Amino acid sequence: MTPTALLADLGTQDMAPTPDPAPEQAANSSRTVIRAFVYVLDPTSEQASVLRSHCGAQRFAYNWALAQVKANLDQRTAERSYEIPDAELTPSMSWSAYSLRKHWNTVKNDVAVNSDTGQVWWQQNSKEAYSSGIANCAAALSNWSDARSRKRKGATGFPRFKGKRAVLSCRFTTGSFGLVTDGGDRRHVQLPRIGAIRTCESTRKLARKTIAGSARIRSATLSYRRGRWQVSFSVEITLPTRALPPATTGTSAAVGDSGGGGSVVGVDVGVKHLAALSTGEMIDNPKHARKQAKQLRSLGRRASRQVGPDRRTGQQPSRRWLRTQGQIRAVHIRIANSRRDHLHKLTTRLVRDFDTVVVEDLNVAGMTRSGGAYKRGLNRALQDAAFAEIRRELTYKCEWAGTCLQVADRWYPSSKTCSNCQVVKAKLPLNVRVFTCDACGFRADRDHNAALNLAALAAVVDGGASSASCGRDVKDARQKPTIRPATRWADGIAAGTPPVGECDRGNPGTHAERTKRHSA
């Protein structure tokens, strides 16, 4: 039970006049979470060659294990086609990581051999490279088997072999790996059979925690992503539990006021503004991909005029084509890094400044699925905004910090509902940027109005105890009388056609220009 839920349960009981130390004990308690600390490496040319060799060894072990299991399954399938009884079929092969690794140890001297020189090469790499590849293959086969038996949701196909173009990756779980802290060193990491590798940034944040005993490194994953070598440490870290006060049901909690009770904020994501907060703050959408679209088009045209590879004729690409492809990759890396940095700063600030965060359960895949050429620009803008990434980061960051995250139901009409009188409009097109209530005359920006409705959900769920609904979908808010049907049927703005005088009122610049024109 979380400390917030504990405080809520204690508040419902008959308390003695003397204060109960349970909330103080909950606030002083600690919990263990798993975090990833990623550091970009700066290896020498010799070290980079060894890193690539370890990643290639993992790919080799993965393909070998998959080939063994596939050959066994194909043999049994072929024997069944000849109506051979099941008792006489070739014995099935266990694809557990332990069984595959045991089989690898018996045949590695015959399999990992250079075909030209006949030299056994598996000793050149750490045993963890082969173990991680076999473990990945076993996990992929287990997921495929669970999907077929309905134990796993979704459709999972049979694992495929990894080619040379696959992501270079290798995982270490045993051996000498971690941070180099001798003599106050904060710029090197240690990997098995590779040694100390310099990092591009300081490791003092993790080093201080490991020295203090509040963090333990469980594993290290080496990978080559976005044109750079990086290592990701899976760390078991002890965090103090954040004891949150119960959120109030008044107006101050709905608008995010931190005075008095727990502060609540509603977050409405969009394209014009990346996020509209119930506090009235509008966070602009940086549109990272749109800013680099012109450069990407220019580089794409340049690459189309150069000599590229052709598998049918065996034609090799020219050096200019390869250089242009490198420039295109650099632009995409810059876009991804900028978007990731901005979203992390936004979600971290929301989790740190508020006790309860309310978001919507958006079907982003469905929003960008159809539309064709008429909706291509909107689909591109939705994907550039990365709504699903915001939801994903808020989920685990709220769990780490002890902040309550509430998810509104997917069909909750947050934009069409008046935050003042709770009357729901029949229609509200996207081109209408100002919400006007037909019942009470309330006017507000449509995104801010939606954020206010989301923040109000924290006060109505479970009788105002938002802490009891942490981690659940907010579906109670769809019931009456929280949302009432509109008393006036579709006419005017509700039908999507604003009446005379309301045209372009959502755009202040256009409205001012039209007013000036009529006054002249």
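Residues numbered from 1 in each chain as written. Predicted model: local features only at pLDDT ≥ 70, side-chain atom pairs only at ≥ 80, totals over all residues. Heavy atoms only, no water.

Chemist: So what about the sheet that holds strand E3 (residues 178–179)? Which residues, and what values?
Modeler: The strand order across the open sheet formed by 3 strands is E3-E4-E5, and the pairing between neighbours is antiparallel. If you trace the sheet from one side to the other, it starts and ends with E3 and strand E5 (195–198), each paired once. Both strand E4 (residues 188–191) and E5 contribute to a ladder of 4 bridges, which runs antiparallel. Of the residues in E5, the one forming a bridge with Gln190 is Ala196. (Pairing = 2+ DSSP bridges. Helix = DSSP H or I, 4+ residues; strand = E, 2+ residues; numbered from the N terminus.)

Chemist: Report on the layout of surface pockets, specifying residues and quantitative values.
Modeler: By volume, the largest pocket is sized at about 1300 Å³. For the largest pocket, the lining is made up of 30 residues, of which Ala36, Phe37, Val38, His344 and Tyr396 are closest to its centre. Secondary structure elements with two or more residues in the lining of the largest pocket: strand E1 (30–40), strand E6 (215–225), strand E7 (228–240), helix H10 (319–353) and helix H13 (387–401). A per-class count over the lining of the largest pocket returns 10 nonpolar, 7 polar and 13 charged. By volume, the second largest pocket amounts to about 980 Å³. Residue lining of the second largest pocket: 28 residues in total, with Leu362, Met367, Ser415, Leu430 and Arg446 positioned closest to the centre. In terms of residue class, the lining of the second largest pocket is built from 12 nonpolar, 5 polar and 11 charged. (1 Å grid on protein atoms, 1.4 Å probe; cavity = no way out; pocket = protein on both sides within 12 Å on 5 of 7 lines; lining within 4 Å. Points joined across faces, edges and corners; volume = space filled by probe spheres on them. Nonpolar A, V, L, I, M, F, W, Y, C, P; charged D, E, K, R; others polar.)

Chemist: Give me the side chain of Glu360: which residues, what numbers.
Modeler: One can find Glu360 in strand E11 (residues 356–360). A distance of 2.5 Å separates a polar atom in the side chain of Glu360 from a polar atom in the side chain of Ser414. (Polar contact = N/O pair within 3.5 Å; in protein donor to acceptor, adjacent residues only side chain to side chain.)

Chemist: Lay out the pairing of E7 in plain terms, naming residues and giving numbers.
Modeler: For E1 and E7, the ladder comprises 11 bridges, and the chain directions are antiparallel. Across the sheet, residue Val40 finds its bridge partner in E7, namely Gln230. Here 10 bridges tie E6 to E7, and the two strands are oriented antiparallel to one another. In the strand pairing of E7, Ser223 is matched with Gln230. Between E6 and E7, which follow one another and run antiparallel, lie 2 residues, and Arg226 among them has a positive phi close to 55°.

Chemist: Please provide a residue-by-residue account of the confidence of the model for the protein chain, values included.
Modeler: Taken residue by residue, the protein chain gives an average pLDDT of 81. The fraction at 70 or more is 78%. Note that residues 243–261 has pLDDT below 50 and, in this model, 39 contacts with residues that lie over four places away or in other chains. (pLDDT = per-residue confidence, 0-100. Contact = heavy atoms within 4.5 Å.)

Chemist: Residues and numbers for a positive patch on the surface, please.
Modeler: On the surface, Lys294, Arg297, Arg301, Arg302, Arg305, Arg320, Arg323, Arg376 and Arg380 cluster together into a patch of positive charge. The element best represented in the positive patch is helix H9 (residues 293–304), accounting for 4 residues. Here Arg380 is to be found in helix H12 (residues 376–385). (Patch = residues over 30% accessible without salt bridge, like charges linked within 9 Å, V, L, I, M, F, W, Y side chains within 5 Å. Areas by Shrake-Rupley, 256 points an atom, 1.4 Å probe, with all protein chains shown as cover. Salt bridge = Lys/Arg side-chain N within 4 Å of Asp/Glu carboxyl O. Lys, Arg positive; Asp, Glu negative; His and termini not counted. Charge placed at Lys NZ, Arg CZ, Asp CG, Glu CD.)

Chemist: Describe the sheet that holds E6, naming the residues involved and giving the relevant values.
Modeler: One open sheet holds the 4 strands; their spatial order is E1-E7-E6-E2, and the pairing between them is antiparallel. Two strands bound the open sheet, and with one partner strand each, they are E1 and strand E2 (169–172). Mean inter-strand twist for the sheet, computed between neighbouring axes without regard to direction, equals 20°. Of the strands in this sheet, E1, E6 and E7 touch helix H6 (residues 204–212), which is tilted by about 155° from E6. (Axes fitted to C-alpha atoms, helices over the stretch in contact; angles between N-to-C directions.)

Chemist: How would you explain helix H4 (residues 97–111) if you had to name every residue and give the values?
Modeler: Spanning 15 residues, H4 covers only 18 Å between terminal C-alpha atoms, well under the ideal 21 Å at 1.5 Å per step. Regarding H4, the residues found buried are Leu100, Trp104, Val107 and Lys108. On its buried face, H4 is in contact with helix H3 (45–81) and helix H5 (127–148). (Expected span 1.5 Å × (residues − 1). Buried < 20%, exposed > 50% of the residue type's maximum accessible area, 1.4 Å probe, protein only.)

Chemist: With reference to specific residues and values, describe the pattern of salt bridges.
Modeler: Scanning the model with the defined rule gives 13 salt bridges in all. For Arg339, the salt bridge goes to Asp384, with nearest N and O atoms at 2.8 Å. Of this pair, Arg339 sits in helix H10 while Asp384 sits in helix H12, and the two are 45 residues apart along the sequence. In this structure, Arg339 and Asp384 share a single accessibility class: buried. In this structure, Asp341 and Lys345 form a salt bridge, with 3.2 Å as the shortest nitrogen-oxygen distance. With Asp341 and Lys345 both in helix H10, this residue pair falls 4 residues apart, about one helical turn. Note on Asp341: relative accessible area 40%, which makes it partly exposed. Taken together, the shared-partner salt bridges connect Asp361, Arg391 and Arg410 into one network.

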